[in-house]
Amino acid sequence: MAAYSDSLKQLDLPLIDAQILDFWQKNDIFKKSVEQKDPKNAFVFYEGPPSANGKPGIHHVMGRTVKDIFCRFHTMQGRRVERKGGWDTHGLPIELSVEKELGITKEDIGNKITVDEYNAKCKETVMQYKDVWDDITRKMGYWVDLDHPYITFKNEYIESVWWLLSQLYKKGLLYKGYTIQPYSPAAGTGLSSHELNQPGTYRDVSDTTVIAQFLTIHESLPQFLEHYGDIHILAWTTTPWTLPSNTALTVGPDIEYVLVKTYNQYTFRPIQVILAKELVSKVFTNPFRLAENQEEFLSYQKDQKFIPYLVDASFSGESIIGVRYEPLLPYATPYENPQNAFRVIGGNFVTTEDGTGIVHTAPTFGADDAKVAKEAHPEIPPMLVKDQHGNLVPLVTLQGKFRDELDEIGGKYVKNEYYPEGQAPEKSVDVEISIKLKIENKAFKVEKYVHNYPHCWRTDKPVLYYPLDSWFIRSTAMKDKMIELNKTINWKPAHTGEKRFGNWLENLNDWNLSRSRYWGIPLPIWRTENASEEICIDSMAQLNSEIEKANETLGLQQVMPDDLHRPYIDEIILVSKNGKPMKRETDLIDVWFDSGSMPYAQWHYPMEHQSYIDQGLKFPADFIAEGVDQTRGWFFTLHAIASMVFESVAYKTVVSNGLVLDKNGVKMSKRLGNVIDPFETIATYGADATRWYMISNAQPWDNLKFDLEGIDEIRRKFFGTLFNTYNFFILYANIDAFQYKEDYIHVSERPEIDRWIISKLNHLIQDVQDDFSDYEPTNATRKIMEFVDEHLSNWYVRLCRRRFWKGEYGLDKIAAYQTLYDCLLNISKLSAPVAPMFSEWLYNNLNSATGREVHESVHLADFPVANLKETDDALEQRMDYAQRISSVVHSIRKKVGHRVRQPLAKIILPIIHPSFIDQVEAVKELILSEVNIKKIEYITDTEGFIKKKSKANFKTLGKSLGKNMKDGAAMIAEFDQAKINELEKKGVISLTINGEAYSITPEDVEISFDNIPGWQVGIDKDITVALDISLDDALIHEGLAKELVNRIQNMRKNADLNVTDKISVVLEKHDVLEETIRQFGDYIKQEVLAETITFAGQVNDEKVEISDEIQIAIGIAKI
RNA sequence: AGUCUCGUAGCUCAGCUGGUUAGAGCACUACACUGAUAAUGUAGGGGUCGGCGGUUCAAGUCCGCCCGAGACUACCA
């Protein structure tokens, strides 16, 4: 065995990082930590794949720290924790970065650049920063298998995804339908929400808006409206071009509506209109004016300046649901169920903020519209007509034009912006329609209106909300299953699962899978031209045999493509049962499906490794962790696919961590220049301090305000203290050659203070074990810090210092070494999940000197198990007394100006309960030496000069006293000594409050002590300490002796002497000190390792102040 | 706009199922202590617990509304 390493004089975490990373690599520690564990005892973890086309940020360090902690913890718990890395390689961000790099747009793909070239470029770009990622992974100490990662663009991965899709297809959960999506007619493409969120897409535009008058059908009106004659419903729109597609009007069921009589301002005909009561004044602005009376209203002439109106009946939205009305602009009728169109329906999204409180509803051009239309009973049909091929189409084409057959508006673009430069007509369709409505007595008001509207970021032209064909997963069909399974998942924090994710599942929509893109997993569905026959491919083998079948039937020469991406896959033509050619549906699938497939696709299931899933060896995961932003992302896709395909959860526990903000709580962004570089941070402060700071400062699921000063604080306070404690230990352990060779001293045979810190340690182990098991790393780190700082360093080591450097190498000393060694070793294990490198350094330094542990790494060791037999609550209680009594004495000393080196005669403690004396006596020596006092005396109230105070215990009394609590508390505070004594002796007294009698027990009253007159007294809660501050000669000389020791020790330290060097001391002659040396010379010699202390008339050293009155020169010399 | 989270000392955070005078660390000031110490101790300043209302003997804690910050979803007549 060797000595303990003392190569580091000062804490240098980055240096330790480098050494440990090197050690791990050379000795394959990560691999061993996995492979030494039993595969049957697996802890399954899934790595959410990052995309390597961007550089890692500090928030990635946060997320991965959380993952690493629990993987390491469970490894130390004996589980086999395989961590297969992965890369997310598809998706829009990659396409966009490629397009930016090449300076092309989507329209150029297939023209300026082939799909083949484009995808090759994407594939190249996707791994652009892989090296940087690998580097941060290593440097932050994150253990993940980067040598065998899953990569979502690999054929094997795609094949597994296809298989999953085909399972959904077989269950009837895959269908083609349409939804309203943002669409850019100029670019001919749908826009993703990501694209719509590009800066500058939402702009203020001035549009022609119309409040249209919809004429109700008399027979459908409710009774209370029957006798009014013609009634119009008013509805506002900012997109008049959608009016021909109107099929319903939506009212708020709880909104109050009124019938208003007035005259149309364009035709001057008398009309009666319905709108929300709240909006009457907003809609009836100039030239309308509320009529004073019926006469004024009836006498209106068309050339009058003001148009009068009268408010008549008032009723709820609910009461007019079902009313029918004439189609406003009957250019077309819905092909499906036209009899169900043109009705008033109810919708909760209706507000009275603007418009008329009645929403013009065109299900073909509004997402909300489509939704309420579907929810109505019977369903409101969308305005779809048959085209020449017999397909149902909306009235507007994909080019953004009205269909040709629509009379005068046919063939016109719905927005003037869509016309080629210079070809736009003077009057837009919106204006044309408005004029037509005015003439036909169908327009109540036409005006310009400025509002915010999204624009296509490529073409700068307004976006159209348009129904687009898409493939969907019918997730709504499995909604109940997903909700049920979600209840079994352990969410950290719980509310993310119950509330955020739970609500999301409750309001689940079908999953739109389609993306009209190039770089992604192609949809494995082939269809005949008329869509009557289709096939969903589930594997390469099936594709291969289908190709052969098609070759045979259709006489083709196709071969299986090497790459399953576009464009190769698009060239494959398959054959239907009836011998018709089938082409692939050109869409790609949503990349979120890629990542949600990883539990299976990472193993190329089911083509390989079937047991991993089927026998539950690697499914579901015990634990996953990502940012909260993944709640509706990866957390959902994993859950959805597992629920729908396997009727299982995909993970048992999920930790969703919050964001990393800058120190002011602002999101980090390149623009603001407040981005923290993770490499720089780790290089400066070390990975462990960074990790520990992130975990201990805030719960992982709270947002972290990242402040570099906080890391420094952790370095100083936690790692610095721990390092110093280690250094203290080895300083003496090396001198005494303590290598834990002696027999283990049974804990019961060790001194009080050793048993105390061991008791504390075992409680700590228990707590940390529980916290890590509960996925509460923040609590674990905070408790470890408190132990190291408060208890180990500032109490145990401080009080035990002398045991290490004084006296024989005997049982007491060995007990001290064993105790401190065990504490340090256990701390290294407890800290290992969070601070993997420093703890490794500590563990190996300790262990290489003693060889007590067989493991070459702390990460191969077992996590400590608390030994509750070694805990002692009474002991912890009395040590708490000792600490508090000492603290009170310090405080009194400070008040009266006696430094601690001046011994004082005694303290007096009032007895607070019968066992108090025994408790304090057990720790008496510690108190006496800590505060430099000669003895402790106890007094009871029989001496008569302490006064007891009483105070109500609100917690116990509150329930029984109820209303009388306040008065009761006042009465209890007034108890005199006799009453308190009676309570203590009898154990119960009765108290009458406001005429009601209660019995009071000692539990209900808290008793404390008042100041003792004539003494220096300090109080800490229930503990009162009185200090005797009188000095006699003996105390004064002892005080001087201690001062001398202190000065000489300082000189030794300044002279850079070794702690074992012997010295001789010469003091300048001084009468008082000569007496001190006579009494305490031996003591001083022992303390400062002096062979001799002599006086001389003249000493040529600097004068030193011993006390206020005494200054002498002191000389020391090494012997 | 909706859903969810958060708001406690200058800063970072504790505060258990409601209970006495709301705590800790950092920072600041002063004084001590130290043969492990970039450590520590003692004392001090600093809080209408985001605001208003309610329930209760009692509210930082429970309920309602509002304000502010953030995330996600949606984007509307």
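The notes below deal with the structure included here. Note that the structure is a prediction, hence the values are computed from the model and not measured. (Residues numbered from 1 in each chain as written. Chains lettered and ligands numbered in written order. Predicted model: local features only at pLDDT ≥ 70, side-chain atom pairs only at ≥ 80, totals over all residues. Heavy atoms only, no water.)

1. A look at the packing of aromatic side chains
In this description, a pair of aromatic rings is defined by centroid distance and the angle of the planes.
Phase 1 of the analysis: Per the stated rule, a full pass over the model turns up 64 aromatic pairs.
Phase 2 of the analysis: Among the aromatic residues, those joined into a ring-pair cluster are Tyr-4, Phe-728, Phe-729, Tyr-732, Phe-738, Tyr-740, Phe-804, Tyr-809, Tyr-817 and Tyr-821.
Phase 3 of the analysis: Taking the ring centre of Trp-603 as reference, the NZ or CZ of Lys-618 above it sits at 4.7 Å.
Phase 4 of the analysis: The positively charged end of Arg-852 is found above the aromatic ring belonging to Tyr-740, 3.6 Å away from the centroid. (Phe/Tyr/Trp six-rings, centres within 6.5 Å; stacked < 30°, edge-to-face > 60°. Lys NZ or Arg CZ within 6 Å of the ring centre and 35° of its normal.)

2. A look at the sheet that holds strand β18 (residues 490–492)
Phase 1 of the analysis: On the basis of which strands lie adjacent, the open sheet formed by three strands has the order β18-β27-β26 and parallel pairing. Among the strands making up the open sheet, the edge pair consists of β18 and β26 (621–627). Direction aside, neighbouring strands of the sheet carry axes that sit 15° apart on average.
Phase 2 of the analysis: Relative to strand β27 (residues 651–657), β26 runs parallel, the two being bridged by six bridges. Across the sheet, residue Ala-625 finds its bridge partner in β27, namely Val-655.
Phase 3 of the analysis: In the packing of helix α14 (residues 494–506) onto the sheet, contacts are made with β18 and β27, and the angle to β18 comes to roughly 100°. (Pairing = 2+ DSSP bridges. Helix = DSSP H or I, 4+ residues; strand = E, 2+ residues; numbered from the N terminus. Axes fitted to C-alpha atoms, helices over the stretch in contact; angles between N-to-C directions. Contact = heavy atoms within 4.5 Å.)

3. Structural notes on the environment of Tyr-118
Phase 1 of the analysis: By the secondary structure assignment, Tyr-118 is in helix α5 (residues 115–126).
Phase 2 of the analysis: Here the alpha-carbon distance between Tyr-118 and Asn-981, two residues 863 residues apart in the chain, equals 92 Å.

4. Quick word on empty space enclosed by the protein
Phase 1 of the analysis: Counted by the stated rule, this structure contains two cavities of 30 Å³ or more.
Phase 2 of the analysis: In this model, the largest cavity occupies a volume close to 40 Å³.
Phase 3 of the analysis: If you trace the largest cavity, you find it lined by Leu-243, Pro-244, Asn-246, Pro-327, Leu-328, Leu-329, Pro-330, Ala-332, Phe-342 and Met-383.
Phase 4 of the analysis: A class-by-class count of the residues in the lining of the largest cavity yields nine nonpolar, one polar and no charged.
Phase 5 of the analysis: Here the second largest cavity defines a volume of roughly 30 Å³.
Phase 6 of the analysis: Lining the second largest cavity are Glu-47, Pro-50, Arg-64, Gly-85, Gly-86, Trp-87, Val-144 and Leu-146.
Phase 7 of the analysis: When residues in the lining of the second largest cavity are grouped by element, the largest group, three residues, is from strand β1 (residues 84–87).
Phase 8 of the analysis: When grouped by side-chain class, the residues that make up the lining of the second largest cavity number four nonpolar, two polar and two charged. (1 Å grid on protein atoms, 1.4 Å probe; cavity = no way out; pocket = protein on both sides within 12 Å on 5 of 7 lines; lining within 4 Å. Points joined across faces, edges and corners; volume = space filled by probe spheres on them. Nonpolar A, V, L, I, M, F, W, Y, C, P; charged D, E, K, R; others polar.)

5. Topic: the protein's contact with RNA strand B
Phase 1 of the analysis: Among the 64 residues in the neighbourhood of RNA strand B, the closest are listed as Trp-236, Val-359, Arg-901, Glu-1006 and Arg-1052.
Phase 2 of the analysis: Those atoms of RNA strand B that come within 4 Å of the protein belong to sugar or phosphate at a rate of 57%.
Phase 3 of the analysis: Between RNA strand B and Tyr-465, the relevant distance is 3.2 Å, taken from a phosphate oxygen to a side-chain nitrogen or oxygen of the residue.
Phase 4 of the analysis: Glu-713 has a polar side-chain atom sitting 3.2 Å from a sugar or linking oxygen of RNA strand B.
Phase 5 of the analysis: For the surface near RNA strand B, the class distribution of residues is 17 nonpolar, 24 polar and 23 charged. (Near = heavy atom within 4 Å. Polar contact = N/O pair within 3.5 Å; in protein donor to acceptor, adjacent residues only side chain to side chain.)

6. Digging into the pairing of strand β3 (residues 174–184)
Looking down a regular strand, the side chains alternate between one sheet face and the other.
Phase 1 of the analysis: In this structure, β3 lies alongside strand β17 (residues 464–473), joined through ten bridges in antiparallel fashion. Residue pairing across strands places Tyr-178 opposite Asp-469, the latter belonging to β17.
Phase 2 of the analysis: Strand direction decides the pairing type here: β3 and strand β4 (residues 189–190), joined by two bridges, are antiparallel. By the bridge assignment for β4, Tyr-183 is matched with Gly-190.

7. Considerations on the side chain of Asp-538
Phase 1 of the analysis: Mapped onto the fold, Asp-538 is located in the loop between β22 (534–536) and α15 (540–554).
Phase 2 of the analysis: Here Ser-539 takes part through its side chain, which lies 3.1 Å from a polar atom of the side chain of Asp-538.
Phase 3 of the analysis: Excluding its chain neighbours within four sequence positions, the residues that come into contact with Asp-538 are Glu-159, Trp-162, Trp-163, Ser-166, Lys-170 and Met-607.

8. Remarks on the nonpolar core
Among soluble globular proteins, nonpolar side chains are generally buried collectively.
Phase 1 of the analysis: Ranked by internal contacts, the top residues of the largest apolar core, which has 133 residues, are Tyr-4, Phe-706, Phe-729, Tyr-796 and Ile-885.
Phase 2 of the analysis: Among residues more than four places away in sequence, those in contact with Tyr-4 are Tyr-726, Phe-729, Ile-730, Ala-733, Asn-734, Phe-738, Gln-739, Tyr-821, Asn-845, Leu-846, Ala-849 and Thr-850.
Phase 3 of the analysis: Ranked by size, the runner-up nonpolar core spans 74 residues in total, among them Leu-221, Phe-315, Leu-328 and Leu-468. (Core = buried A, V, L, I, M, F, W, Y, C linked by side-chain atoms within 4.5 Å. Buried < 20%, exposed > 50% of the residue type's maximum accessible area, 1.4 Å probe, protein only.)

9. Here's the deal with the environment of Tyr-775
Phase 1 of the analysis: On the secondary structure map, Tyr-775 appears in the loop between α23 (752–773) and α24 (777–805).
Phase 2 of the analysis: We classify Tyr-775 as buried; its relative accessible area is 6%.
Phase 3 of the analysis: Residues Tyr-775 and Asn-391, spaced 384 residues apart in sequence, show a C-alpha to C-alpha distance of 55 Å.
Phase 4 of the analysis: With residues near it in sequence (within four places) discarded, Tyr-775 still touches Phe-43, Phe-70, His-74, Asn-490, Lys-492, Asp-622, Phe-623, Thr-653, Val-655 and Trp-701.

10. Looking at unusual backbone geometry
Phase 1 of the analysis: Between Lys-492 and Pro-493 the backbone carries a cis peptide bond, its omega angle lying at -5°.
Phase 2 of the analysis: Locating Pro-493 in the fold gives a position in the loop between β18 and α14.
Phase 3 of the analysis: With omega at -10°, the peptide bond leading from Phe-619 into Pro-620 counts as cis.
Phase 4 of the analysis: Relative to the helices and strands, Pro-620 resides in the loop between α18 (610–614) and β26.
Phase 5 of the analysis: Phi at His-604 takes a positive value of approximately 60°, unusual for a residue other than glycine.
Phase 6 of the analysis: Along the chain, the position of His-604 falls in the loop between α17 (598–601) and α18.

11. What to know about the side chain of Asn-762
Phase 1 of the analysis: If you trace the backbone, Asn-762 turns up in helix α23.
Phase 2 of the analysis: A relative accessible area of 5% means that Asn-762 is categorised as buried.
Phase 3 of the analysis: Polar side-chain contacts of Asn-762 include one of 2.9 Å to the backbone nitrogen of Asn-867.
Phase 4 of the analysis: Polar side-chain contacts of Asn-762 include one of 3.2 Å to the side chain of Glu-870.

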